[in-house]
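# Coordinate inspection notes
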Amino acid sequence: MTVTTAQPAVARTHPLAPRNLVAAAAGSYLPLVLAVVVVALPLVWMVLSSFKTPTELLTRDLSTILPSSLAPTNYAEAAREVPFARLFLNSAIVTVVGAGIKVLLAVFTAYALVFVRFPAKKLIFGLILVTLMVPPQVSLLPNYILISGMGGTDTYWGIILPGLGTGFGTFLLRQHFMTLPASILEAAEIDGAGHWRRLTRIVMPISAPSIVTVALVSIVFEWNDYLWPLVIVSDPSMMTLPVGLTLLSNSESSVAKYGVLMAGSVAVIVPVLIVFASLQRYVIEGLTQGAVKD
């Protein structure tokens with residue numbers, strides 16, 4: 001005869017018990033707060049420094065974190081030293097044209113790789129993936145020789161042309177296009193819709209979040225690009241904002257002028273932050289689209 005012993009009941013704790021709260025804070029909220037601090041602290045320090053006087057910047061007193069005044073003196077001085085209006089116009093032209101062409105090329109290429117039948121399709125897609133593994137610095141010298149030989153120095157098209165191919169955008173859109181229901185496109189094809197109509201009437205409207213994601217990544221890249229515009233442009237009137245800050249750095253080489261440099265940096269970062277904040281919900285939706293299936 002076997003005797004069974006009763007198993008002890010497992011004690012259940014309340015979800016809001018102090019032990020559970022501490023575990024949730026240590027496992028989730030604390031790493032999140034640390035990540036936000038690491039990302040946001042340099043930006044906050046830069047904005048505060050843009051309003052500080054040279055004395056406040058060079059002091060060793062850690063208690064003087066906040067500036068004594070919010071007067072935009074450093075911004076006014078930076079505007080006198082560097083033609084920000086012209087630099088902003090150059091950056092806007094390069095960003096809008098470059099990012100727009102990048103998105104169109106990515107959409108057309110991804111559509112062709114998914115919905116158009118042609119030989120060596122997988123090989124071409126493999127070559128596109130290879131471009132993601134090659135650092136852009138490798139092509140800097142060949143691009144400079146090619147563009148300068150074509151007379152593209154100190155021109156908008158010379159800045160825009162080498163970066164039009166976007167392997168990331170093509171890859172992201174191709175993966176999303178592959179999740180689209182084939183029955184919708186087959187029905188449109190039966191009704192006589194060609195590739196252009198299927199792309200503009202069906203694929204692009206459904207894929208709007210993914211396309212916006214590619215557009216935002218392209219906008220941020222074009223706006224912040226520094227190395228290639230620095231190499232191909234020598235005329236100050238054709239410089240973009242990131243390159244134009246080098247003029248401010250050269251004219252304000254004294255340590256006491258760090259506040260002016262911080263003001264110029266804020267002027268460069270704020271526009272792209274506004275664009276990113278306004279489109280961030282599309283980025284999240286575009287990156288998760290197709291990850292969950294019914």
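Before any of the text, the structure's been laid out above.
To keep things clear, this report deals only with the structure shown in the data block.

This next bit is on helix 10 (residues 195-206). Look at helix 10: 15 Å from first C-alpha to last across 12 residues, which is about the 16 Å you get at 1.5 Å a residue. Along helix 10, the residues that are buried comprise Arg-198, Leu-199, Ile-202 and Val-203. Seen from one end, helix 10 has its buried residues packed into an arc of 130 degrees, which puts them on one side. Relative to its buried face, helix 10 has exposed residues pointing more than 90 degrees away, namely Trp-196 and Arg-201. Tucked inside the fold, the buried residues of helix 10 contact helix 4 (84-115), helix 8 (167-177) and helix 9 (182-190).

This brings us to the pattern of salt bridges. By the definition in use, this model includes 2 salt bridges. The residue Lys-102 makes a salt bridge to Glu-222 at a minimum N-O spacing of 3.2 Å. Taken together, the residues span a long stretch of sequence, with Lys-102 in helix 4 and Glu-222 in helix 11 (residues 208-224) at a distance of 120 residues. Both residues of the pair, Lys-102 and Glu-222, belong to the buried class. Measuring nitrogen to oxygen at the nearest pair gives 3.7 Å for the salt bridge that ties Arg-198 to Glu-189. Looking at Arg-198, the relative accessible area reads 8%, which means it is buried. The exposure class of Glu-189 is partly exposed, given its relative accessible area of 44%.

Criteria and cut-off values
- Residues numbered from 1 in each chain as written.
- Predicted model: local features only at pLDDT ≥ 70, side-chain atom pairs only at ≥ 80, totals over all residues.
- Heavy atoms only, no water.
- Helix = DSSP H or I, 4+ residues; strand = E, 2+ residues; numbered from the N terminus.
- Expected span 1.5 Å × (residues − 1).
- Buried < 20%, exposed > 50% of the residue type's maximum accessible area, 1.4 Å probe, protein only.
- Arc of directions from axis to C-beta.
- Contact = heavy atoms within 4.5 Å.
- Salt bridge = Lys/Arg side-chain N within 4 Å of Asp/Glu carboxyl O.

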